[in-house]
Amino acid sequence: MKKNLIMFFVTIVPLFAFSLNTYAMSAGYLGIDDYTSVYGSCSYTSGADSPDRAGASYVTNLKNRISNYYTTTYFNTDSSVVEYNIRNASKVDLFVYSGHGIALNSTDNALHCFARSFGNTWHNSSMEAYSDVNAITTDCSFNHNYVLTYACHWLENGTNSQKEANIWNTFGGTRMTLGYASTMYLDSREGDVFGQYLVNYDYTYQNAFWTATQYYQVQRTSGDTIARVMGYQNTMNDTMSSFYTGTIPTYSSSPSSFVYYWTRTIPHTGVNL
Amino acid sequence: MKKLTKKHLAVMSTAFILVCSTIVGVSYHNSSIDKLPELNIPMPGSEIPNIDITNTASYNDLNNEAMVYKFKKINNTISDVENLTNKLGLKGNIKSDDASYFLNDNTVKFGFQKATGNWHVYLQDALNQKPGVVPSEEECKKIAIDYLKEKGLYNERFSNITVASSTGGGNTEATCTVQHPYTHNTI
């Protein structure tokens, strides 16, 4: 019996030790490429550009790069991404949305879907402000550990204190949100590069994001991209393998412990990479 | 010797005309190629030309597609990267995976993307420095250029350096302060 117990521990302990060294993180991805249909099309464009964006391709590239480390809890693209699912997404370590983001009005920003939550799988220019295509800041309280909004405007406050408070109130247990305070350039290749630095080289989340985005965002033909990371002050140096282990408060319960990590302008060149 | 018949003459004339037209066609084709404008790639900082091309020629007999310019894919080798890290004064073994060459420890993070040649280096000592007096924009440019010259990396491509600031640290955007300026070369 004693011998069996010893054998049991000899077998189990190394397995347990191994599991401690394996990062069992989870990720949820929502990405939209298609904003056009034969029934109607979204009107958010850039100049003569099609409203289509490579959001689904971005999350695909990111997932492919990090899936050995982050198990995929959900992966929805195009018309499977609706505002209801954004607001009610189950908690994951890394939550990623990529598609259109809009400065909806003076107090709210929105992650802007093409499909309506409870209706058509499309919308047209007369429906841009509909609540069932916009996951707005005041309706979102995320408890994911890390939120990446690879979309325009989500972190842009427009110097309006109410809009800024609404952005902060999306931190319902979130350690940090990485995103943009301006229009941005959606390049699906950036997902792969962000993933590389996050999992292959163990950069901090914020530094992996900066390393990737400073390279690709220069491609805008006019206007500079403003990248931004905001979050709980103790989680600033979190990496995939080394992170703050204390409890993360909601913003509303501890506003003074949340800070702007940084805001950085990336000058545009208009040259495609 | 056979006498040339009218039939022979007709065949020979047709052949002669065909040969002549081929020669003329080829020389015309070659002279058209000679008239192609020079490849004018905008230099750093210069405006991208607004090209307006009107096609007046008939291309009925040409292929639908033709190669105009070919971009060479440069394969950066490990020795190229070692040359770069030596110039930067980085110590340690460079590792490699499918995407990058990299050097990563507690003091430095260096990454070189194989597909694009894009590289970066973060020096932990520099990042740990507390914000002091922020240099002026011109001083920032000079610091950046002097550093590149000192490392033997400066060339004419660094001719369009812009300066921006990283701000942060506040609970509101209004209370954020400049953490450090950074230079960006818009090649």
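Everything numeric in this text was worked out from a predicted model, so none of it was measured.

Rules used throughout
Residues numbered from 1 in each chain as written. Chains lettered and ligands numbered in written order. Predicted model: local features only at pLDDT ≥ 70, side-chain atom pairs only at ≥ 80, totals over all residues. Pairing = 2+ DSSP bridges. Helix = DSSP H or I, 4+ residues; strand = E, 2+ residues; numbered from the N terminus. Axes fitted to C-alpha atoms, helices over the stretch in contact; angles between N-to-C directions. Contact = placed C-beta atoms within 7 Å. Domains from an automatic or database assignment. Nonpolar A, V, L, I, M, F, W, Y, C, P; charged D, E, K, R; others polar.

**Student:** I'm lost on the sheet that holds strand S2 (residues 70-77) of chain A in this one. Help?
**Tutor:** By definition, the strands of a sheet pair up through backbone hydrogen bonds, in either a parallel or an antiparallel sense. Spatially, S2(A)-S1(A)-S3(A)-S7(A)-S8(A)-S9(A)-S10(A)-S5(B)-S6(B) is the arrangement adopted by the nine strands of the open sheet, whose pairing is mixed. Edge positions in the sheet fall to S2 of chain A together with strand S6 (177-185) of chain B, since each of these pairs with one other strand and no more. Pairs of neighbouring strands in the sheet enclose a mean axial angle of 15 degrees, with direction left out of account. One ladder, built from three bridges, connects strand S7 (residues 146-150) of chain A with strand S8 (residues 176-180) of chain A; its direction is parallel. Paired with Tyr-146 of chain A across the strands is Met-176 of chain A, a residue of S8 of chain A. Against the sheet, helix H2 (residues 55-66) of chain A contacts strand S1 (25-31), S2, strand S3 (94-98) and S7 of chain A, and its axis sits at roughly 160 degrees relative to S1 of chain A.

**Student:** What should I look at first to understand the domain arrangement of chain B in this one?
**Tutor:** In many analyses, interface size is given as the accessible surface area lost on bringing the parts together. As far as domains go, chain B holds domain 1 (72-129) and domain 2 (131-187). The distance between the C-alpha centroids of domain 1 of chain B and domain 2 of chain B comes to 21 Å.

**Student:** How should the sheet that holds strand S4 (residues 119-123) of chain B be read in this particular structure?
**Tutor:** Residues and elements named next belong to chain B. Ordered by their spatial adjacency, four strands build an open sheet running S1-S2-S3-S4, and the pairing between neighbours is antiparallel. At either margin of the open sheet sits one strand with a lone partner, and together these are strand S1 (95-96) and S4. Both strand S2 (residues 100-104) and strand S3 (residues 108-113) contribute to a ladder of five bridges, which runs antiparallel. Paired with Asn-104 across the bridge in S3 is Lys-109. With respect to the sheet, helix H2 (residues 78-88) is in contact with S1, S2, S3 and S4, its orientation differing from that of S2 by roughly 35 degrees.

**Student:** Before we go on, may I ask you to explain the interface of chain A and chain B in this structure?
**Tutor:** In this assembly, 24 residues from chain A lie in contact with 25 residues from chain B. Looking at the side of chain A that touches chain B, the elements with two or more residues in it are helix H5 (189-200), helix H6 (205-216) and strand S10 (258-266) of chain A. The greatest single-element share of the side of chain A that touches chain B, amounting to eight residues, is contributed by S10 of chain A. Per-class residue counts for the side of chain A that touches chain B are 13 nonpolar, nine polar and two charged. Pairing of S10 of chain A with strand S5 (residues 161-168) of chain B, which is carried by two bridges, proceeds in the antiparallel orientation. Counterpart to Thr-263 of chain A in the pairing with S5 of chain B is Thr-167 of chain B.

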